[in-house]
Each structure stands twice: as C-alpha cells, then as structure tokens.
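One letter stands for each residue in the lines below.
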There are 2 protein chains.
Amino acid sequence: MSEAERFTIDAFHRGRFHLLQPADKGHRAGLDAMLLAAAVPGTFSGLLADLGSGAGAAGLAVASRCPASQILLVERSAEMVDCALQSIALTQNANLAGRISVLQADVEATGRARVAAGLDDNRFNFVIMNPPFNGPRDRPSPDSLRRDAHVMTDGLLEAWIRTAAAIATANAGFAIIARAESLGDILAACSGRFGAAEIRPIHPRPNAAAIRVVVRARKGARGMLKLMPPLMLHAEEGRGFTDEANAVINGERGLFADR
Amino acid sequence: MSEAERFTIDAFHRGRFHLLQPADKGHRAGLDAMLLAAAVPGTFSGLLADLGSGAGAAGLAVASRCPASQILLVERSAEMVDCALQSIALTQNANLAGRISVLQADVEATGRARVAAGLDDNRFNFVIMNPPFNGPRDRPSPDSLRRDAHVMTDGLLEAWIRTAAAIATANAGFAIIARAESLGDILAACSGRFGAAEIRPIHPRPNAAAIRVVVRARKGARGMLKLMPPLMLHAEEGRGFTDEANAVINGERGLFADR
C-alpha cells in the first residue's frame, strides 16, 4: 500500500473547505466538529483556539463560517498536527489558509509549562474544544491513535476547561461538545470560570435521549444558565438529517439564536 | 370577608383529588407540582417524602397516581400545614387520606435537629421537592408568605438535597423540579449523593428556552446522566397544552419512560 492511500480528503460545508485525515485510524472528524464550530457566531472577529483539534475539522469550519476569525489549532499528536498542516496546504483551502496556524502542545499542561508550550494567558477571544470523550469504563480501542483520542481519564474535562479559562481573554467565548452524560462535569468545571452558559442538547431522534451537548459560555459572565431547545439530527423515521441539522452541519446556520 | 372566603378548593387530576389553598396569598400550587409528581413511577411502592410541600399538591398527586405509596408532607409554614391537613380531610380526598400524613419541620435542619424534628435518616424510599425558587436577585414579593415560598438564598438547593440524601434509603428515588437555570446547582448538589440522573427539560413552546427542569436520580447509583427529550407545554401557536403535557399534568402519564 502506498503512502498516499493511507489518507482521505473529505469535503465539508458543501465543499467550502477540505480536510486530510488518516483513512484507517485515529479519530475521524465529522458531525461533532461541525456542530462545535456552529456554536461560534458567524460574526465572530478575533483569535480562536481549537483545543485538541485533531486534523483541524472544527477550527477549519470556524474559519469557513467566520470570515473575520483567526484560528490556532492546538494538538498534541505529531501525526494529527501533520494532517492539519497538510489540510491547510491543500489548494481547496487556499482562501482560509492565511487565517489558520497550528501549535503542537498538550492542552493539559499547566502554569509555566503551558506558556512555554505556546499557550499564553489571556490571549484568545474564543476557545472551542471537542475533548476525547470515552471514559475509562469503556472498552479501549485496539488502535492506539484512536485510544488516544477517545479515552477520557478522570479530571480531563476539569484540566481542559481550566486551560481554556487561562488562555481566554476577559469576556471571551467558550464552546465545548461532549457526550450528554458529561453535562454535570462540564457545568462544574465551568463554575467560577465561564458563566451565562447556554446548553444545546443534540438528540439523534425526537424520542431518544441526547447523545451530545454543546455548551457555550463566556469568561467571567454572571448571567444565568439557559437550556435551549434540542437539535434533532433525524426525524422520528428515516436516515436523512433534519433541515436544521443539515443547515448547521453545513455551516449555513448557527447552533444558537445569534447565528 | 368571612373566613371561608379566604380559601379555594381546586380539582386536580381531572377531579381525582382536591386541594384547599389560600385564595389570595402564598405560593399557589399547580403545574410545577403536577410535573414533579409525574416523575414518580406509577408503580412506586413505599414511603415518599414531599419536602417543602406547601398545601400538599405534589404529595397528593403522587398518592393519586401511585396506589401503593405512603406520603409524608413536610412543610415549615404552620398556615400551609393547616391547609394540607384540611385538604386531606376533604370528603373528595377520602380515598387518599389514609396514605398521607403531615409533618411541620424545616427542611434545612441538620443533624440531631433534623432527627428531632421528625426526619430520621434512611427512612424514605423516594424524596421529591419543589424548592422555593426565586433568587435574591429577583424583586421580592410584597406579600410575606409568597416571599417565603419564592426567595431562594444561596446554598438552599445544597441544603435541601443534603437533607433528601440523608433521609433517603439506599437506592431511593429522588426528584426535583426547579427553574432551568438551576440545573448546574442541582447536578452539583446531587454529586456523590444521587446518581444515574435523568433530566427532563420543560419548555413553554418548541422554540423557547426551558423554563423548568425535572431531575430524577437514585441514591448511591453510579449510572450515567441522561438528558431526555424535552416536554413541550404548548405547541408553537395557541394556548392549549400539548397532548403529552395534558396527560402528564392530569396524572395519566409519567414524565419518564417507565411511566
């Protein structure tokens, strides 16, 4: 098998950007990254950090949706950083490439180690994250890269959200997508850091429990939590996405009222 | 004005029980109490405490829905305790009266004071609560009884849920209705006490944020949080309740899948 066959190039946002990803291992990006990016208002202007960016799907989607945004992808894995760099270099992404850069760093680094890794305090106007989300109780994947992206150890959300708060400017935006069961841990980790949280539950179908939550908040804000209507990915029957899910996934509509 | 005119007698569950309430002051019971009662499975058998029961609406609704339940209404206000006693004595409630008793006690009492007040540890198979829910930031009501029922001081949810955990048996059920904005505080207070939480958001209409959440959990359970589909009280247009809301409010359908 040749080197070239180990990757795929996938179109997102109806072809408005493309992503190079490992074809057969690692955490392949898709729906979650698009939903997360849709939490950033299309009018957002400033510097955004995508923590644990993987191949860069969410960060590139924000760049595609928000023409006034500058994106820093932050990823620990050298292989995924390489994917991100190759994605940015694709001719299909030429219109976004100038607004995206990549930093190889561990999101869980703290204090001086974090600053030394390139993540300065009070620098980003928005921080987004799609943290590794399989708990230790789940059966680990036999594939080591995938395990790295999926195994969530105790305290991971706390560590990641602590970093997000540290590197965010006053009043910066914050958004996370995670499994719905993590909602309590997310709200606990946001407490005292990010306020005025808005929760958007993501349900596969109208009568099924939520599989994901997107939580958006603002650093230092004192407003009250809001539990928004859910996003239904599919109708009660059938395999197609709902109109709203389709629009959100394709970058045509935001996940919250401000678009 | 005669003494009799200061109260109303209202029918609930399509007339299956009645409630005597102050006509012109206090926190008048209704929707919230019916939604809370609907979190208890109709098959529930055992002793249930309704903490901060007011006139007893939620507790009587559980008694009406769950023929194998025994109910203890726990209320601090002497006037509301008197209402509850008069409600139980109504001829319309004769079929429930033998399964309901009333205790005048402060839910926030701790340790020996709580036991002395009649709230023993490890005694109840289910605990429900509809705590006073207006935060100090809200304008207080000029009416003192209403203020007592609505003003939530910092730490109230923590104190109430601590009491619930103390008086609940191992694996006992727990359910709370509260303003949606309190979701984070509820989950934090449940942490380490009640697990396997199920959240049911209550929305006025499909495109509006949730106004209430009902959270149900189990003492000592280790299962994961589940974010259930929302209950819509009304459709996009019109003043009538949705079919589901009507059935839930009238005791014909539970708020969770187990009925």
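No experiment lies behind these values; they were computed from the predicted model shown.

Rules used throughout
- Numbers given for residues are sequential positions, taken from 1 along each chain in its written order.
- Lettering for chains starts from A, numbering for ligands starts from 1, and both go in the order in which the items are written.
- Only residues with pLDDT of at least 70 get local features here, since the model is predicted, and only at 80 or more are side-chain atom pairs given and counted; chain-wide, interface and lining totals rely on the full set of residues.
- Only runs of H or I of at least four residues qualify as helices and only runs of E of at least two qualify as strands under DSSP, and these elements are numbered from the N terminus.
- We call a residue exposed when 12 or fewer other C-beta atoms sit within 10 Å of its C-beta, buried when the count reaches 20 or more, and partly exposed for counts in between; the C-beta positions come from the backbone.
- Contacts are defined on C-beta atoms placed from the backbone: any two residues whose C-beta positions lie within 7 Å are in contact.
- Ten residue types, Ala, Val, Leu, Ile, Met, Phe, Trp, Tyr, Cys and Pro, are classed as nonpolar, four, Asp, Glu, Lys and Arg, as charged, and the remainder, Gly among them, as polar.
- The fit set for superposing copies consists of C-alpha atoms from residues with pLDDT of at least 70 in both; the fit itself is least squares.
- Between N-to-C directions, angles span 0 to 180 degrees; the directions come from axes that are lines fitted to C-alpha atoms, helices contributing only their stretch in contact.
- A crossing counts as left-handed when the near helix is turned anticlockwise from the far one by less than a right angle, and as right-handed when that turn is clockwise.
- Multiplying 1.5 Å by the residue count of a helix minus one yields the expected span of that helix.
- We define a nonpolar core as a collection of buried residues of the types Ala, Val, Leu, Ile, Met, Phe, Trp, Tyr and Cys that are connected via C-beta atoms lying within 7 Å of each other.
- Residue-level confidence of the predictor is what pLDDT reports, using numbers from 0 through 100.

1. Re the overall build of chain A
Secondary structure assignment for chain A yields nine helices and eleven strands. Buried positions account for 48% of the 259 residues belonging to chain A. A separation threshold of at least 6 residues defines the contact pool for chain A, and within that pool the share at least 24 residues apart is 68%.

2. Digging into the interface of chain A and chain B
With 21 residues of chain A at the interface, the matching set in chain B holds 21 residues. Mapped by element, the contributors of at least two residues to the side of chain A that touches chain B are helix H8 (183-190), strand E8 (194-203) and strand E10 (226-227) of chain A. Among the elements that take part in the side of chain A that touches chain B, H8(A) stands out by supplying four residues, more than any other. Across the side of chain A that touches chain B, the residue classes break down as 15 nonpolar, four polar and two charged.

3. Some words on the relation of the copies chain A and chain B
Superposition record for chain A on chain B: RMSD 0.0 Å, screw rotation 180 degrees, translation along axis 0.0 Å. Given the turn and translation reported, the copies of this chain are related as if by a two-fold rotation axis. When the interface residues of chain A are mapped onto chain B, 100% of them are again interface residues, pointing to one common binding face.

4. Describing the environment of A:Ala247
Residue and element names in this part refer to chain A. With respect to the secondary-structure elements, Ala247 resides in helix H9 (residues 243-249). Among the residues examined, Ala247 registers 14 C-beta atoms within 10 Å and is labelled partly exposed. With 149 residues separating them along the chain, Ala247 and Gly98 place their C-alpha atoms 26 Å apart. Not counting residues up to four positions away in its chain, the partners in contact with Ala247 are Glu252 and Arg253.

5. Notes on unusual backbone geometry
A negative phi angle is the norm for most residues apart from glycine, just as the trans form is the norm for most peptide bonds. Even without being glycine, A:Asn171 reaches a positive phi, approximately 70 degrees. Among the secondary structure elements, A:Asn171 is positioned in strand E7 (residues 168-179).

6. Let's talk about the packing of helix H7 (residues 156-167) of chain B against helix H8 (residues 183-190) of chain B
Residues and elements named next belong to chain B. Running from amino to carboxyl end, H7 crosses H8 at an angle of 40 degrees, the nearest separation of the two axes being 9 Å. Handedness of the H7/H8 crossing: right-handed. Of the residues in H8, those touching H7 at Leu157, Glu158 and Ile161 are Asp185, Ile186, Ala189 and Cys190. Looking at the contact of H7 with H8, its residues break down into five nonpolar, no polar and two charged.

7. Focus on H8(B)
Of all eight residues that make up H8(B), seven are buried, and the element is covered over most of its length. Of the residues making up H8(B), those classed as buried are B:Leu183, B:Gly184, B:Asp185, B:Ile186, B:Leu187, B:Ala189 and B:Cys190. Turning to H8(B), the residues buried within the fold contact H8 and E10 of chain A together with H7, strand E7 (168-179), strand E8 (194-203) and strand E9 (212-219) of chain B. One or two steps after H8(B), the chain reaches B:Gly192, where phi turns positive at roughly 80 degrees.

8. A look at H7(B)
Residues and elements named next belong to chain B. Over its twelve residues, H7 runs 17 Å from end to end, which matches the ideal 16 Å to within 8%, given 1.5 Å per residue. With nine of twelve residues buried, H7 lies mostly within the body of the structure. Along H7, the residues that are buried comprise Leu156, Leu157, Trp160, Ile161, Thr163, Ala164, Ala165, Ala166 and Ile167.

9. Let's talk about the nonpolar core
The tendency in soluble globular proteins is for nonpolar side chains to be buried side by side. In this structure, A:Val127 and B:Val127 are the most contacted members of the largest nonpolar core, which totals 168 residues. Beyond its immediate stretch of four places on either side in the chain, B:Val127 contacts B:Ala49, B:Leu51, B:Ala164, B:Ile167, B:Ala168, B:Ala172 and B:Phe174.

10. Some remarks on the confidence of the model for chain A
Averaged over all residues, the pLDDT of chain A is 90; the fraction at 70 or higher stands at 88%. Every residue in residues 135-142 of chain A is under pLDDT 50, and counting partners more than four places away or in other chains gives eight contacts.

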